[in-house]
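# A structural walkthrough
Listed below, chain by chain, are the residues.
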Amino acid sequence: MLDFAIFAVTFVVILVGAVLYLYPSSRRASGVPGLNPTEEKDGNLQDIVNRGSLHEFLVGLHDQFGSVASFWFGRRPVVSLGSVDQLRQHVNPNRTTDSFETMLKSLLGYQSGAGIGGTEALMRKKVYDGAINKTLENNFPVLLKLVEELVGKWQSYPKSQHIPLCAHLLGLSMKTVTQLAMGNRFSDDAAVIHFRKNHEAIWSEIGKGYLDGSLEKSSSRKAHYERALAEMETVLKSVIKERSGRGSGKSAFMDSLLQANLSERQVMEESMVFTLAGCVITANLCIWAVHFLSISEAVQEKLHQELIDVVGDRPVSLDQIPKLRYCQQVLNETVRTAKLTPIAARLQEVEGKVDQHVIPKETLVIYALGVVLQDADTWALPYRFDPDRFTDESVMKSFSLLGFSGNQACPELRFAYTVAAVLLSTLVRKLRLHRVEGQVVEARHELVTTPKDDTWITVSKRD
């Protein structure tokens, strides 16, 4: 099998490594049209690297071969599905695991759902999801305070001031996730800054260090990565000890895990996943939402009117957020237009069929979500930012099928939706958002889609 570090191009590649190790299978051809391996050992790895990302490779693959296409990771075939109709047909009745959990835990050396029994995996997922919901309910005033502090800072800026969205909203996300996950220890900016330094060291290697095996080739980078990971684990274990035995009055994410009688190791692992994935998904949902509003004045004004009608001039409350239907449409369209999470993957644990194509057992099936989210057969004018498209029930059904809405959405994304709704409800009622003329915003497609460079806006006060 290929060296893990060589063929982990993105989280799916990491997943492939784990899957093919755990579930060896024959080199049976699926009969799905697609690419032949360009190299016997590496399959189509070099083709993926040449395109710059797995998402961009899949765009080209589906353009060439249609909505069901195949390629090779090493000596193993992979099937990719690139349309809603084909995804709807793909039913895997066996247990699957969350993509973020699988990727992060595989990389970090933790035990993922694929490596534990079904009952325990289901229990831990239920505890994890419940902990996030309870954390938002109990700590909503903390979230609101952090958002109001940031918006207040923006209100003090002159209209000519360029505001770096990535820097500011990653900071907001980091403060929110750490305080809600681990309590008031992270109300101290110095603690957040130290945590952010280690977080960025780990996440940057997930995005780049495994692309070409460069992390393994650089002893200094590998040592930096391992040191950052060890320091984050030490901090998490320290907080666990502080918060253990404090009773049911505590309301942080970690407290809910402790109250569920998970072991210290399990609490640490779940907290690591939440802080890593939660920060990045939340930050980038907020970044892209504010960016798209800054270039869509009509959308911004329609959202402002809904906020005045529903919220008025008081701070938004948690129970008002579900009533902000247009705000939800704005966030849905942000996820779609930005292709926020462009790839998902599932293991075909029993033989299945899509159209006339048989998918053999133990084939890795990729959901090319970034391709599907801009498929003209599913979305009218797919490259236009248009939240009104989500008034169509069929559009919402397609969106839910992809795992971006409803019960199928990953818990980190549901958390991010709440944070982003609070941010937009506070920001848009107080300020107008303006694009910076001449700015070209390009996307980098990794596990989460981010701007390649910081994105800038200006603001002006509403009358």
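Anything mentioned here points back to the structure above.
The structure contained in this document is the topic of the report that follows. Treat the numbers as computed from the prediction; the structure is a model and nothing was measured. (Residues numbered from 1 in each chain as written. Predicted model: local features only at pLDDT ≥ 70, side-chain atom pairs only at ≥ 80, totals over all residues. Heavy atoms only, no water.)

## A word on the pattern of salt bridges
With the rule as written, the count across this model stands at 18 salt bridges. For arginine 389, the salt bridge identified is with glutamate 333, shortest N-O distance 3.0 Å. Here the residue arginine 389 occupies a position in the loop between α17 (369-372) and α18 (393-401), and glutamate 333 occupies one in helix α16 (residues 325-338), the gap between them amounting to 56 residues. A relative accessible area of 0% places glutamate 333 in the buried class. We note a salt bridge from glutamate 393 to lysine 397, for which the minimum N-O separation is 3.7 Å. In this pair, glutamate 393 and lysine 397 are both assigned in helix α18, four residues apart and thus about one turn of the helix distant. Residue classification places glutamate 393 among the exposed positions, given a relative accessible area of 57%. Salt bridges sharing common partners tie together Lys125, Asp129 and Arg414. (Salt bridge = Lys/Arg side-chain N within 4 Å of Asp/Glu carboxyl O. Helix = DSSP H or I, 4+ residues; strand = E, 2+ residues; numbered from the N terminus. Buried < 20%, exposed > 50% of the residue type's maximum accessible area, 1.4 Å probe, protein only.)

## Topic: the sheet that holds strand β2 (residues 76-81)
Judged by pairing direction, the sheet is mixed, and its four strands sit side by side in the order β1-β2-β7-β4 without closing on themselves. The sheet terminates laterally at β1 (68-73) and β4 (344-348), the two strands that pair on one side only. Across this sheet, the average inter-strand angle for adjacent strands is 30 degrees, counted without regard to direction. Here β4 pairs with strand β7 (residues 363-367) via five bridges, running antiparallel. Across the sheet, arginine 346 pairs through a bridge with valine 365, a residue of β7. Across the sheet, helix α4 (residues 54-65) lies against β1, β2 and β7, angled at about 130 degrees from β1, the strand it touches most. (Pairing = 2+ DSSP bridges. Axes fitted to C-alpha atoms, helices over the stretch in contact; angles between N-to-C directions. Contact = heavy atoms within 4.5 Å.)

## Section: the nonpolar core
Of all hydrophobic cores here, the largest spans 118 residues; its most connected members are Trp154, Leu169, Val290, Leu331 and Leu424. Residues within four places of leucine 331 in sequence aside, it is in contact with Leu285, Ala289, Tyr417, Ala420, Ala421 and Leu424. In this structure, Phe57, Phe71, Phe73 and Ile366 belong to the second largest nonpolar core, which totals 15 residues. (Core = buried A, V, L, I, M, F, W, Y, C linked by side-chain atoms within 4.5 Å.)

## A look at the environment of valine 350
With respect to the helices, strands and loops of the structure, valine 350 is situated in the loop between β4 and β5 (352-354). Separated by twelve residues in sequence, valine 350 and glutamate 362 place their C-alpha atoms 7.1 Å apart.

## What to know about the environment of valine 32
Its place among the elements puts valine 32 in the loop between α2 (11-22) and α3 (45-51). On the basis of relative accessible area, valine 32 is assigned to the buried category, the value being 8%. Expressed as a C-alpha distance, the spacing of valine 32 and isoleucine 359, which sit 327 residues apart in the sequence, is 8.3 Å. Beyond its immediate chain neighbours, meaning those up to four positions away, valine 32 contacts Val68, Ala69, Ser70, Val79 and His357.

## What to know about the packing of helix α12 (residues 219-243) against helix α14 (residues 264-294)
It is the contact of α12 with α14, at a shortest axis distance of 10 Å, that shows an interaxial angle of 120 degrees. It follows that α12 is oblique to α14 by the angle criterion. The way α12 lies across α14 gives a crossing that is right-handed. Where α12 approaches α14, its residues Leu229, Met232, Glu233, Leu236, Lys237, Ile240 and Lys241 are matched on the opposing element by Glu264, Arg265, Val267, Met268, Ser271, Met272, Thr275 and Leu276. When its residues are assigned to classes, the contact of α12 with α14 shows eight nonpolar, two polar and five charged. (Parallel < 35°, antiparallel > 145°, perpendicular 65-115°, else oblique. Left-handed = near helix turned anticlockwise from the far one by under 90°. Nonpolar A, V, L, I, M, F, W, Y, C, P; charged D, E, K, R; others polar.)

## Remarks on the packing of α16 against helix α19 (residues 411-430)
At a minimum axis separation of 10 Å, α16 and α19 run at an interaxial angle of 120 degrees. In terms of axis orientation, α16 runs oblique to α19. Both α16 and α19 take part in a crossing whose hand is right-handed. Of α19, the residues touching α16 (which contributes Cys327, Gln328, Val330, Leu331, Asn332 and Val335) are Tyr417, Ala420, Ala421 and Leu424. Class assignment for the residues of the contact of α16 with α19 results in eight nonpolar, two polar and no charged.

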